[in-house]
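# Summary of structural features
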Amino acid sequence: MKETILQSAKNIHCIGIKGTGLSALAGILEAQGKTVTGSDASGPPHDAKNITPGIDLVIYSAAVPSENIERKTAQAEGIPELSYPEALGQLTQNHKTIAICGTHGKTTTTSMVATIIKDEVDPTILVGANIPALANRNFHYGKGEYLLIEACEYQRHFLHYYPDIICITNMELDHVDYFKDENDYQDAFASFLLRISENGTIIIPKKNEKIKKLTKDVQQSRPDIKFIEYGKDDPDFQKIHPSIPGEHNRLNALAALKTGQTIISLGDEVIQKLNSFTGASRRFEQFNYPNGPIIIDDYAHHPTAVNATIRAARAKFGPDSKILCVFQPHQHSRTKKLLKQFTTAFQAANEVIIPNIYKTRDTQEDIESITAESFVKELSKHHSHVEYGHGLEKTLYNIQNRLEEFDVIIFMGAGDIIAISNQLKSSSK
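Conventions used here
Residues numbered from 1 in each chain as written. Predicted model: local features only at pLDDT ≥ 70, side-chain atom pairs only at ≥ 80, totals over all residues. Heavy atoms only, no water. Pairing = 2+ DSSP bridges. Helix = DSSP H or I, 4+ residues; strand = E, 2+ residues; numbered from the N terminus. Axes fitted to C-alpha atoms, helices over the stretch in contact; angles between N-to-C directions. Buried < 20%, exposed > 50% of the residue type's maximum accessible area, 1.4 Å probe, protein only. Contact = heavy atoms within 4.5 Å.

### Structural notes on the sheet that holds strand E4 (residues 81-83)
Read from one edge of the open sheet, four strands run E2-E1-E3-E4, paired in parallel fashion. Taken across any chain shown, the strands that pair with only one partner, and hence form the sheet edges, are strand E2 (35-39) and E4. The sheet shows a mean angle of 25 degrees between the axes of neighbouring strands, direction not considered. Inspection of the sheet shows strand E1 (residues 11-15) paired to strand E3 (residues 57-60) by four bridges, in the parallel sense.

Spelled out as structure tokens, the structure:
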């Protein structure tokens, strides 16, 4: 076992501890017997006093800037720091690591792999949402040799990890505030694949030309790597029908099955597990509003995922169901860069409301380049019922007065749109 700062530290303080990834890592570290404290913008608040004597490591969320008061205090005290991806990278060094990467479907696929292998090999698991297989938590501290993680490409975070098995769900340009273009994005994935251990295994989708080209280039320099393909022509695909709808989720399940098969022998019972998979939090998470529409919360924020989610709802609830999609674009820069793809992403919805654009990591130039109103104007060229919601509060008020008009309402986005779906659910009790 490799000695790392993460392994030797006894008292660890986490800045941004409520973040999806860091909260899971903190739970794992605490389960290992370490003393873990934390702070977050939403409380407990950041304060120099939180850096108490005896802390021997600080881990900070990638969203926490260098000028954060706790980071500055820790630096002044000479306390070692690790970013969340750096800390997770050190954790991967002491396990056989299964890493799920891709533009879409990472959380769902990781959750499905967790469902398959948890009781078989007792892995340590870190996933981007609370899931039933982990008692509705986002982590599990296992006693086995395997570690199952999501590997995020943003800012090339996954280049800190040491994978033994990689599963790629898909690959198309995202995080446009960081990656210069599609070549830059693909280069990050190529670099990640090359980090795999000797004789490692990579699971890839068939008929994805970008990924096929990428893996061909990788294989030329690393002939030791074993590649396994999955696709709709696989006999198991016909047997897979998870509770969460959509062909994309059937492919996620097949990817999970192929990943699980790399470490354990799986029989037909695993298909039953996959078919009973009900999803992770905010991944087509369904709520039946009493005497009203079905409410769905979903994390989708890239045009491809938005399109797939709405079409999955249409397939599940039927051609005559009236579907309202309430979509909060994530980042002005992403919305502007992917505008053309967004314009045709909502065709399967009857109506669309855009309450606002969630601002994060945007410059003033980004904010001025596209507004919710101008976004609606572009969407309206391709869809006859798109409206600007004038913010979350007014959007909620509008929906509450029109509930009887819809069979399904999908709240979609990676920002704070869940605040209004939660209020809607609370008002039903």
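### Let's talk about unusual backbone geometry
Of note, the amide linkage connecting glycine 43 to proline 44 takes the cis form, showing an omega dihedral of -5 degrees. Relative to the helices and strands, proline 44 is located in the loop between E2 and E3. With a phi angle near 50 degrees, histidine 175 is a residue other than glycine that sits in the positive phi range. One can find histidine 175 in the loop between strand E9 (165-168) and helix H6 (182-193). In this structure, glutamine 331 is a non-glycine residue whose phi angle is positive, near 80 degrees. Considering the arrangement of structural elements, one finds glutamine 331 in the loop between strand E14 (323-327) and helix H11 (332-337). Looking at glutamine 331, the relative accessible area reads 0%, which means it is buried.

### Regarding the environment of isoleucine 225
Tracing the sequence through the fold places isoleucine 225 in the loop between helix H7 (209-221) and strand E11 (226-230). Between the C-alpha atoms of isoleucine 225 and isoleucine 165, which are 60 residues apart in sequence, the distance is 9.8 Å. When sequence neighbours within four positions are dropped, the list of residues in contact with isoleucine 225 reads Leu193, Ile196, Gly200, Ile202, Val218 and Gln219.

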